[in-house]
Amino acid sequence: MYKLSLFIVALALFTSCGKKEAATEDFSTGAETTEAAADPSTYDPNRGLGKYSTVELGATLDVAMATEGEKIQAVKCSACHKLTDEKLVGPGWKGVTERNKPEWIMNFITNPDPMIDKDPKLQAQLELCLLRMPNQSLSDTDARNVLEFMRKNDGVK
Amino acid sequence: MNNKFLKATLAIVLLAAFFSSCKPKNSGDVVSGDAAQKAYVAPGKFDEFYNFVSGGFSGQVSVYGLPSGRLLRVVPVFSVDPQSGYGYSEETKPMLNTSHGFVPWDDQHHTELSQTNGEVDGRWLFANANNTPRIARLDLKTFRTAEIIELPNSAGNHSSPFITENTEYVVAGTRFSVPPDNANGDVAINTYKENFKGYLSFVKVGKEGQMDLSFQIEAPGVNFDLSHAGKGKSHGWFFFSCYNTEQANTLLEVNASQKDKDFIMAVNWKKAEEYIKAGKGKKVPAKYVHNTWDEKTQTAKSEMKSEVLVLSAKELKDICYMIPCPKSPHGCDVDPTGEYIVGSGKLAALIPVFSFDKLQNAIKAKQFDGEYDGIPVVKYEAALHGEVQKPGLGPLHTEFDGKGNAYTTFFVSSEVVKWDIKSLKVLDRVPTYYSVGHLCIPGGDSKKPFGKYLIAYNKITKDRYLPTGPELAQSAQIFDISGDKMQLILDFPTIGEPHYAQAAPADLIRNNGQLKYFKIEENNHPFATKGEKESKVIRKGNRVDVYMTSIRSHFAPDNIEGIKVGDEVYFHVTNLEQDWDVPHGFAIKGADNAELLIMPGETCTLKWIPKKVGIVPFYCTDFCSALHQEMQGYVRVSPAGSNVPLTFSLGTNVPVSK
């Protein structure tokens, strides 16, 4: 019994020291996370996961934005996505804006990794493609322009 | 009775240990029981410090984490690196150009982190090449070699790349004095005294780190060994240790160990600047290269320089002064206050500590003991603060903890000795395994040491690790120096042979704007392919340029026909990825150079001259995705003079139906 209490006292000493050290000396904040992990039960499959809650679309196509979007698509997207409905590495883009809400698209193309972990549609797609869509580091403007080009590709005038 | 006494003692010791664990000052040498805890960095957690360790005869710089001793990266600097293509890709070849042509290897001895106001600032790391004298600058945002400058009139660039407190200059010395480049070098070796000179180079460092050989000081032909800049009150001065003041040219082991005292040469570089302004420098023809890496074009260029400004130490009397220092001094280290200069006579049984204030007074009062080859020799006692008596055998190098203590390594007695700078009293000693050379304390040669750890870089390993045949990895050892007593907490193996090293708090480096990938929009490489639509193959005579892209997980194009034996084929591969840690490799069968390892957003070029007719595969070497094994392509090589048309494609070259 005596031995046990000594052990507990010693343990308390150690742990109290440990905490102190951790506060002053621990540089290790761990890996950077771009998006706080959300509770799976609160995941909204229509919105996706990311910074966009709603994205306003114009009634008609913004041609200038779509043109910019097409340039970005040529550099960062075209290696894996065709503009038809044919799958290359990833699925073809035809109809993508009809199948998904604009905020879902914006969230996915700017925050792919965390969203793939949560989204049922993306999980199903991953089983087909076996490749997680890479983060191509699109800026907010780039992403919005790419979305406008997707709309153009889907026949929005 | 005896047993009871033992138990009681044990209980007291244990209790003391528990309590003292709360007071790091006494954590000392109680047990090695908590050593594991001190060196342990849990999986997924970061180390506290980066440790930049010279790679010795590997020619590279290695980066370790402290206190875990984990190898984080090896940065190619002075030697070719087939795994990254450094020195093999068309872009990086100019980095290793010298006045002797392309030099694929060197001996890298010392590293030095850039400083602002005498404190480590985390911008750049300098590294010296000893064999073909050069200094490199590494950019710590990319952990790449950004610049290399060659040093004329020099041989054995050992006392380098030490810097002044605001990184105004990075210096180089010459360990093997030789006749100057512009003189007739075809002389008898035993005319050393007459014809051989020792040159000290002062390389100016610009705001963006760019290096420029500002001036050289022509000094007597001796062996300049190590150096450190003054700081604080001694800012404006540089101190170089020198041996072989006997000026021997053969059997130096004996002939360069004759004199009781050699020198530490004190150089007033601010005075040198004044003389240059007054036009006292001479422009002397000299051929040396300056190689720079352009981040925008992702390509190095090599420029040949043609002259250098030289000041004569003999003629301009008040730039250089010799301070006598016992027995072939090696390390030459300045304490954080800038007042004390520690010379380590490697054959001496004491450590002399010089005082900057006393040196200044001695110079003012002309307390000289004659001249050495035209340079005033200051009286030993006049500059001396005091001697550390019986510290150990074979002192080599000293670093500081910022608390008034110095730590010196002893090669012969294989130990690190802690002593008080002011009182010169020995405070503690620990054995090293075995025969320690350099040591490093984070910030240990700056105005603001971070203390906490001391790393000893040993020359001999013997039985410390599992045997690996005749050749063993050199061992390094980490000591906890936060308490009064030094405590060994970890051994770790190193690459090449570690000499000097530097360390800095992790936050200083990782918060300096670390680059995660190269932005494809900013890629101005002349052969960049921005998007698969731009991929193409162009022939001009027998030169073929392949504009190729890579992304998970295919190359574009991946089928190329119409290449002929003897063509000069350049694969310019652009990695289209825009995310961290997604390099792609490029390797082609039979290539007689290396592979490419292309970072996201980067373009790299591999030259390939097909020698045989046939189908030649190429593939990605860096496992990139679940479909990495599919990331491959073919080149059809036809005989010279063949009529097979040049074609290239991705996904459209469908099987021929029978």
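Here the structure is a predicted model, which means the values were calculated and not measured.

## Looking at the overall build of chain A
A tally of regular secondary structure across chain A gives seven helices and zero strands. Counting helices and strands in the order they occur from the N terminus, chain A gives α-α-α-α-α-α-α. Counting over 157 residues, chain A shows a buried share of 28%. Sequence separation of at least 24 residues holds for 69% of the intrachain contacts in chain A that already meet a minimum separation of 6.

## What about the overall build of chain B?
Each helix and strand in chain B was counted, giving eight helices and 44 strands. Its C-alpha radius of gyration of 28 Å places chain B within 12% of the 26 Å reference for a compact globule of 658 residues. Its C-alpha atoms put chain B at 95 × 80 × 45 Å along the principal axes. Counting every position in chain B, which comprises 658 residues, the buried fraction comes to 51%.

## Structural notes on the nonpolar core
Ranked by size, the top nonpolar core spans 131 residues in total, and within it Val267, Ile323 and Leu454 of chain B carry the most contacts. Those residues within four positions of Ile323 of chain B in sequence are excluded, and the remaining contacts are Phe263, Ile264, Ala266, Phe354, Leu359, Val378 and Ala383 of chain B. Within the second largest apolar cluster, 56 residues are counted, among which are Val75 and Val146 of chain A together with Phe586 and Cys604 of chain B.

## Considerations on the domain arrangement of chain B
Accessible area lost during the coming together of the parts is what is often quoted as the interface size. Residue and element names in this part refer to chain B. Looking at the assigned domains, one finds that chain B contains domain 1 (50-510) and domain 2 (520-649). Relative placement of domain 1 and domain 2: their C-alpha centres are 43 Å apart. Taken together, the twelve residues of domain 1 in the interface contact 17 residues of domain 2. Of the residues belonging to the side of domain 1 that touches domain 2, the class tally is two nonpolar, seven polar and three charged.

## Re the sheet that holds strand β21 (residues 350-355) of chain B
All names here are of chain B. Judged by pairing direction, the sheet is antiparallel, and its four strands sit side by side in the order β19-β20-β21-β24 without closing on themselves. A single partner strand is all that each edge strand has here, and the edge strands are β19 (329-334) and β24 (384-389). On average, adjacent strands in this sheet sit at an angle of 20° to one another, irrespective of strand direction. Direction of pairing for β19 relative to strand β20 (residues 340-345): antiparallel, over a ladder of four bridges. What sits directly across from Cys332, in β20, is Gly343.

## Topic: the pairing of strand β14 (residues 237-243) of chain B
Residues and elements named next belong to chain B. β14 sits mainly inside the fold: seven of its seven residues count as buried. The two faces of β14 match: Trp237, Phe239, Ser241 and Tyr243 on one face and Phe238, Phe240 and Cys242 on the other face are all buried. Note that strand β13 (residues 223-229) and β14 share five bridges and pair antiparallel. Residue Phe224 lies in a different strand from β14, and its bridge partner there is Cys242.

## Digging into the packing of helix α2 (residues 63-77) of chain A against helix α7 (residues 140-153) of chain A
Residue and element names in this part refer to chain A. Contact geometry for α2 and α7: axes closest at 7 Å, N-to-C directions at 100°. Classified by the angle between their axes, α2 and α7 sit roughly perpendicular to one another. Side by side, α2 and α7 meet where Met65, Ala66, Glu68, Gly69, Glu70, Ile72, Gln73 and Cys77 of the first sit next to Asp142, Arg144, Asn145, Val146, Glu148, Phe149 and Lys152 of the second. Partitioned by chemical class, the residues of the contact of α2 with α7 number six nonpolar, three polar and six charged.

## Describing the sheet that holds strand β31 (residues 475-480) of chain B
Residues and elements named next belong to chain B. Spatial strand order, β29-β30-β31-β32: four strands in an open sheet with antiparallel pairing. Looking along the sheet, the strands with just one partner apiece sit at the ends: β29 (436-440) and β32 (487-493). With strand direction ignored, the average angle separating the axes of adjacent strands in the sheet is 25°. Bridge count between β31 and β32: six bridges; the pairing is antiparallel. Bridging across to β32, Ala476 finds its partner in Phe492.

## With respect to the packing of helix α4 (residues 102-110) of chain A against α7 of chain A
All names here are of chain A. One way to put it is that α4 packs onto α7 with a least axis distance of 10 Å and a crossing angle of 130°. Between α4 and α7, the angle falls in the class oblique. When the axes of α4 and α7 are compared, the crossing they make is right-handed. Each of Pro102, Ile105, Met106, Ile109 and Thr110 in α4 lies in contact with α7, whose residues at this interface are Ala143, Val146, Leu147 and Met150. Its residues assigned to classes, the contact of α4 with α7 shows eight nonpolar, one polar and no charged.

Procedures and definitions
- Residues numbered from 1 in each chain as written.
- Chains lettered and ligands numbered in written order.
- Predicted model: local features only at pLDDT ≥ 70, side-chain atom pairs only at ≥ 80, totals over all residues.
- Helix = DSSP H or I, 4+ residues; strand = E, 2+ residues; numbered from the N terminus.
- Buried ≥ 20, exposed ≤ 12 C-beta atoms within 10 Å, placed from the backbone.
- Contact = placed C-beta atoms within 7 Å.
- Rg over C-alpha atoms; globule rule 2.2 N^0.38 Å.
- Core = buried A, V, L, I, M, F, W, Y, C linked by C-beta atoms within 7 Å.
- Domains from an automatic or database assignment.
- Nonpolar A, V, L, I, M, F, W, Y, C, P; charged D, E, K, R; others polar.
- Pairing = 2+ DSSP bridges.
- Axes fitted to C-alpha atoms, helices over the stretch in contact; angles between N-to-C directions.
- Parallel < 35°, antiparallel > 145°, perpendicular 65-115°, else oblique.
- Left-handed = near helix turned anticlockwise from the far one by under 90°.

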